[in-house]
Amino acid sequence: MHPSEVLFQGKRQPLLLPACDHYCGSEKLMRKSMALQQELGPVFDITFDCEDGAAAGNEAAHAQLVASLVNSEDNRFDRIGVRLHDIDSPHFVQDVVTIVGAAAAKLAYVVLPKPNGLDDVRRALEIINRVAVPNGRAALPVHVLIETHGALHEAYDIAALPQVECLSFGIMDFVSSHYGAIPAAAMRTPGQFTHPLVVRAKLEMVAACHAHGKVASHNVTTEIKDSAVVANDAQRAGAEFGFTRMWSIHPDQVKPIVKAFTPRLSEVNEATNILQEAMAANWGPIAQHGRLHDRASYRYYWTVLQRAKLAGLALPDSAAAIVNQTELH
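Throughout what follows, the structure given in this document is the object of discussion. A quick note: this is a predicted structure, and the numbers were derived from the prediction, not measured.

About the cut-offs
- Residues numbered from 1 in each chain as written.
- Predicted model: local features only at pLDDT ≥ 70, side-chain atom pairs only at ≥ 80, totals over all residues.
- Heavy atoms only, no water.
- Salt bridge = Lys/Arg side-chain N within 4 Å of Asp/Glu carboxyl O.
- Helix = DSSP H or I, 4+ residues; strand = E, 2+ residues; numbered from the N terminus.
- Buried < 20%, exposed > 50% of the residue type's maximum accessible area, 1.4 Å probe, protein only.
- Pairing = 2+ DSSP bridges.
- Right-handed = clockwise from strand over helix to strand, strands pointing away.
- Phe/Tyr/Trp six-rings, centres within 6.5 Å; stacked < 30°, edge-to-face > 60°.
- Lys NZ or Arg CZ within 6 Å of the ring centre and 35° of its normal.
- Axes fitted to C-alpha atoms, helices over the stretch in contact; angles between N-to-C directions.

1. Some thoughts on the pattern of salt bridges
- Under the counting rule described, the total for this entry stands at 15 salt bridges.
- Among the ionic pairs, Arg83 bridges to Asp49, the shortest N-O distance being 2.6 Å. Taken together, the positions of Arg83 in strand S3 (residues 80–83) and Asp49 in strand S2 (residues 44–49) put the pair 34 residues apart, joining distant regions of the chain.
- Taking relative accessible area as the criterion, Arg83 reaches 6% and is therefore assigned buried.
- The partner of Asp173 in a salt bridge is Lys114, with the nearest N and O atoms 3.6 Å apart. Placement of the pair is Asp173 in helix H8 (residues 171–176) and Lys114 in the loop between strand S4 (110–112) and helix H5 (118–132), with a sequence separation of 59 residues.
- When its relative accessible area of 29% is taken as the criterion, Asp173 is described as partly exposed.
- We classify Lys114 as partly exposed; its relative accessible area is 23%.
- It is possible to trace a salt-bridge network through shared partners that takes in Asp49, Glu51, Asp52, Arg83, Lys114 and Asp173.

As structure tokens, this is what we get:
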């Protein structure tokens, strides 16, 4: 027996997505991002933006452009999603009809911004599915931005929706919604990791994700010239807050984010050794270096190998064998 069979025993395995979600909203930047994805491989996702990151006043033509790029040969890995307008925008239905209607089969996901709670997400899902299903996509994955008080309050229920695979924290809208009660410094480091209301919001959203096996995506770093700041934010988001994914808004942010969320080679080697001994023991408890391991810890180490592979890390032969054998079962 292999990890996917014995460790989860029929339960839904936690979702894993590329660690970086790169946003872009102009044709020039969208094409540049696709070229970078072709160069690096599907180690990061691209989100074409129809909302805040796109120019206003030309929404219909922009939606048509997005659909054509998603359907183009340059979308080599089918790891491009789209942020739609919010559910109350007059452009939301137009986005869905134009983009989902034309590119349902190729879209990796759609992103819903600014929902005020569970009802808004359900309403949006109904409209999306009304277009996606007749176009051959029965359950188009949906990512939900948590950036309002209502969405944060109902984050647990939103994460429980089967079609939702990711919650993403929108720090700037969240801070702005407090109308000055949270200082602007809380939108960036170090304040974003220390202000009690922002910390509470991040932790509640992440907890909701992990409770339902969904992906928690960290907010953007607005510093685009200093990659060390981006790397530090990504490292803290993962190590201190439990995020497994993060936004990028500049091509130079992609590599630092991917690297920060990629398991180190020492972690991969440790996971490989433990899982090899576990398989030899028919997944019973083992002792390694004076520490006891059983199926509870095996699930953790199995995920380490999955994350390493997703990030494009060259796995040792023994680790690759475990991952590949898992995929065959």
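2. Considerations on the pairing of strand S7 (residues 215–218)
- Of the two faces of S7, the one carrying Val215 and Ser217 and the one carrying Ala216 and His218 are both buried.
- Both strand S6 (residues 164–169) and S7 contribute to a ladder of three bridges, which runs parallel. Note on S7: the bridge partner recorded for Cys166 is Val215.
- In this structure, S7 lies alongside strand S8 (residues 245–248), joined through two bridges in parallel fashion. Residue Ser217 lies in a different strand from S8, and its bridge partner there is Arg245.
- Following the backbone out of S7, through helix H10 (residues 227–241) and into the adjacent parallel S8, one traces a crossover that is right-handed.

3. Topic: the packing of aromatic side chains
- Taken as a whole, this structure holds five aromatic pairs when the rule is applied.
- Measuring from ring centre to ring centre gives 5.4 Å for Phe169 and Phe174, while their planes differ by 55 degrees; the resulting arrangement is tilted.
- Given the relative accessible area of 1%, Phe169 is considered buried.
- With relative accessibility at 1%, the residue Phe174 sits in the buried group.
- Ring plane angle 80 degrees and centroid distance 5.0 Å describe the contact between Tyr300 and Tyr301, whose orientation is recorded as edge-to-face.
- For Tyr300, a relative accessible area of 46% corresponds to the partly exposed category.
- Given a relative accessible area of 11%, Tyr301 falls into the buried group.
- The ring of Phe241 carries Lys202 above its face, with NZ or CZ at 5.7 Å from the centroid.

4. Regarding the sheet that holds S3
- Read around the closed barrel, eight strands run S1-S2-S3-S4-S5-S6-S7-S8, paired in parallel fashion. Along the sheet, successive strands turn relative to each other by an average axial angle of 30 degrees, direction set aside.
- Bridge count between strand S1 (residues 20–24) and S8: three bridges; the pairing is parallel. For His22, the partnering residue across the bridge sits in S8 and is Ser248.

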